[in-house]
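For reference, the chains in residue letters:
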Amino acid sequence: MDLELMINSFPKLLNATVVTLKLLSLSLFFGLFIGLLFAVMRMSTNLILNKFAYGYSYLFRGTPLLVQIFIIYFGFGQIEFIRESFLWIILKEPYWCAIIAFALNTGAYTSEILRSAFETIKKGYIEAGKSLGISSKIIFYKIQIPIAIRQSLPAYGNEIILMLKGTSLASTVTLMDLTGVAKYIISTTFKPIEVFIVAGSIYLFMTFLIHNFIKFLERKYNY
Amino acid sequence: MNIFKKTIISVLASLFIMTNVYSDTIKIGTEGAYPPWNSKDASGKLIGFEVELAWTLCRYIGKQCEIVEQDWDGMIPALLMRKFDAIMAGMSITDERLKTINFSQGYADEVAQLAVMKGSDLEGMDTPSGINLSIGGGAVKKALKTIEGALAGKTVCVQTATIHQNFLDSGDVGSVNVRTYKTQDEVNLDLAAGRCDVALAAAVAFTDYAEKSGKPVVLVGPTFSGGAFGNGVGVGIRKGGSGAIGERDAQLLKDFNMAINKARKNGDISRIATKWFGFDASM
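Below is a short write-up of the structure. Not measured: the values here are computed from a predicted model. (Residues numbered from 1 in each chain as written. Chains lettered and ligands numbered in written order. Predicted model: local features only at pLDDT ≥ 70, side-chain atom pairs only at ≥ 80, totals over all residues.)

Once that is clear, we can look at the overall build of chain B. Looking only at helices and strands, chain B has 11 helices and 13 strands in total. Computed over C-alpha atoms, the radius of gyration of chain B comes to 21 Å, within 12% of the 19 Å expected from 2.2 N^0.38 for 283 residues, which places it in the range of a compact globule. With respect to the principal axes defined by its C-alpha atoms, chain B has extents near 75 × 40 × 35 Å. The proportion of buried residues among the 283 residues of chain B is 45%. The contacts in chain B between residues at least 6 apart in sequence include a share of 70% that link residues at least 24 apart. (Helix = DSSP H or I, 4+ residues; strand = E, 2+ residues; numbered from the N terminus. Rg over C-alpha atoms; globule rule 2.2 N^0.38 Å. Buried ≥ 20, exposed ≤ 12 C-beta atoms within 10 Å, placed from the backbone. Contact = placed C-beta atoms within 7 Å.)

Residues and elements named next belong to chain B. With respect to the helices, strands and loops of the structure, R264 is situated in helix α10 (residues 243-265). With 157 residues separating them along the chain, R264 and Y107 place their C-alpha atoms 8.1 Å apart. The residues touching R264, leaving out its near neighbours within four places in the chain, are I269 and S282.

Further remarks concern the sheet that holds strand β13 (residues 233-237) of chain B. All names here are of chain B. The strand order across the open sheet built from five strands is β4-β1-β5-β13-β6, with neighbouring strands paired in mixed fashion. Only two strands of the sheet have a single partner each, and these edge strands are β4 (65-69) and β6 (102-108). Set on the sheet, α10 makes contact with β1 (26-30), β5 (86-87), β6 and β13; between it and β6 the angle comes to about 15°. (Pairing = 2+ DSSP bridges. Axes fitted to C-alpha atoms, helices over the stretch in contact; angles between N-to-C directions.)

In this section: the interface of chain B and chain A. Between chain B and chain A, the contact holds 16 residues from the first and 12 residues from the second. For the side of chain B that touches chain A, a count of residues per class yields seven nonpolar, four polar and five charged. (Nonpolar A, V, L, I, M, F, W, Y, C, P; charged D, E, K, R; others polar.)

On any regular strand, side chains alternate: one points to one face of the sheet, the next to the other face. All names here are of chain B. Counting buried residues along strand β9 (residues 155-159), four of its five residues qualify, which places the element largely inside the surrounding structure. Relative to strand β10 (residues 177-181), β9 runs parallel, the two sharing five bridges. What sits directly across from V158, in β10, is T180. Read as a crossover between parallel neighbours, the route from β9 over helix α7 (residues 163-169) to β10 is right-handed. As defined by bridge partners, β9 adjoins strand β11 (residues 198-202) across two bridges and the pair is classed as parallel. Across the sheet, residue V156 finds its bridge partner in β11, namely V198. (Right-handed = clockwise from strand over helix to strand, strands pointing away.)

If you want it as structure tokens, here you go:
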């Protein structure tokens, strides 16, 4: 075990963690909007909206994240008219390709989490609101959404952790995230065990923080 | 002891015994993704210069061989972990790698060169046709300066953990915006897609891709050798340690050196190289 290498690689890996966290936070930010939008579409009585949202979540939950990244990065890069369109400004950059793939992927899962959370809301709450003469818009924002958020916290916490680990796939499209830099250090030192132990510990620590933050929120919004 | 127990014990035993250590078969690791050095045909069979050469060398050594596939970025760690006994994967002999593993004598020369898509402003770069970094001198310095200027502000793509990446990271051509890929195939794809302004690899890797894909990839600048580019491609073997396993590794190095001598003398290396590269890259 090369302890010196572990200590020397730690600051480099910590720097790379910033990239990982940026990827994670941006993906979750866009993913939450996508998830909310598609969850509402799933609950809509409009058959087209409903089926479209169902198909979206089916497609993105049914294929590996790695395949999705490769299609967006290498796949779209092969198509001539995409390369010549304005889309190429964004798709040319590995960074945005990764964020698009992550956001679409986590969006699909988030929509399912939110949909099931909405469905667990007891009809009585909504009826109570209606009997008090509150408009359905206000019922949605003030009753349904807060309850749904609370209900979905444990599952969404899991999704954040899964997504954190998913960002390691960004290294396959040339991004120097935590895993990317770990691989780079290994490529010059040929010592995978030491470097991956340090990188793994950083992932573990981040998971620890996320896990406890979600637990804290769960306690805070317990009722 | 009943049969059930016996089965369990033998299964467990087989898990812990490294068959590799005791068997007489030489396992050779290759990437299978660096044509024409080593690659796979449509049916998934390993082919290429080094695959054919490996079988030839094995015949001279007189032992059974098995060629196994291994991702490039895990090649040396896998050798050290005894997943196989020797590397034949277009791996150049460099000082950096010699700190960790041994190499046989070189069997082929890898000529590295920059590549761009036709129409790039890097075409017609004014440099000598080849530079040797080990020799150095005014002409080499001047060429490196020219390349430094040409690469400034460009995205330069290479396969990870290669001599090409080492060269770009070495500072010889200033601070370069390097992007690394897991395989050479991916470098080629992104060069053709326009995500890479320029790429660096074995010249034959680009000409092979241009020929097979029909994409207008052109080589520019000088051919590189020496320095970070190492001294030819050799067979990578573990440094012999103590005990029976260490002796086996030391013997393997001798065997490979002997086999390369014989293959060179009999013209096998030249013949196989010409078949796969179109020219004699043997050394």
